[in-house]
Amino acid sequence: MSGMTATEYLMLPWSIRGPLQVTDEHGNRHFEMRVGELPDFFVAGESENEVLYEFKKALLAFLESYVSEGEEPPHPEGDPVVYVSLPRRESPSAFRMPAGSQSGNRFAAADLVPA
């Protein structure tokens, strides 16, 4: 899979977990989303909507950091997804998981669609 762009890596069927509510050692609560194949990557925020909204952009930036250094990130097994552009709603407040998916299922970050 070498020679792929960050956007092409984004289309892979990542094991996305979350958003999950987490309580840190100080008793503060926040929400997180993680990618099973990328243990150093996660997105945290005050609400589910915030982490869902920021997830795709953050994952793309994370993958771009590998590509810009000429490195290949760890990646999931499986075929890339087909990305379809949907009409954009004015100021989406959140993103939702694809129909039929549950937290922890495998799907690409590109599958997140505005709610």
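Refer to the structure printed above.
Conventions used here
- Residues numbered from 1 in each chain as written.
- Predicted model: local features only at pLDDT ≥ 70, side-chain atom pairs only at ≥ 80, totals over all residues.
- Heavy atoms only, no water.
- Salt bridge = Lys/Arg side-chain N within 4 Å of Asp/Glu carboxyl O.
- Helix = DSSP H or I, 4+ residues; strand = E, 2+ residues; numbered from the N terminus.
- Buried < 20%, exposed > 50% of the residue type's maximum accessible area, 1.4 Å probe, protein only.
- Pairing = 2+ DSSP bridges.
- Axes fitted to C-alpha atoms, helices over the stretch in contact; angles between N-to-C directions.

K.L.:
Teacher, can you tell me more about the pattern of salt bridges here?
P.N.:
A pair can form between side chains of opposite charge whenever their charged atoms are brought close. Inspection of the entire model under this criterion finds two salt bridges. Residue R34 is joined to E32 by a salt bridge in which the shortest nitrogen-to-oxygen separation is 3.1 Å. Across the pair E54 and K57 runs a salt bridge whose closest N-O atoms are separated by 3.3 Å. One end of the pair is E54 and the other is K57, both in helix α2 (residues 48-68) and three residues apart, which spans about a single turn. Residue class for K57 comes out exposed when judged on its relative accessible area of 52%.

K.L.:
Would you explain the sheet that holds strand β1 (residues 16-23) in this entry?
P.N.:
Backbone-to-backbone hydrogen bonds join strands into a sheet, with any given pair of strands oriented parallel or antiparallel. The strand order across the open sheet built from three strands is β1-β2-β3, with neighbouring strands paired in antiparallel fashion. Each edge of the open sheet carries a strand with a single partner, namely β1 and β3 (38-45). In this sheet, adjacent strand axes meet at a mean angle of 30 degrees when their direction is disregarded. Bridge count between strand β2 (residues 29-35) and β3: five bridges; the pairing is antiparallel. Within the sheet, the bridge partner assigned to F31 lies in β3 and is G45.

Geometric values such as these leave the question of function open.
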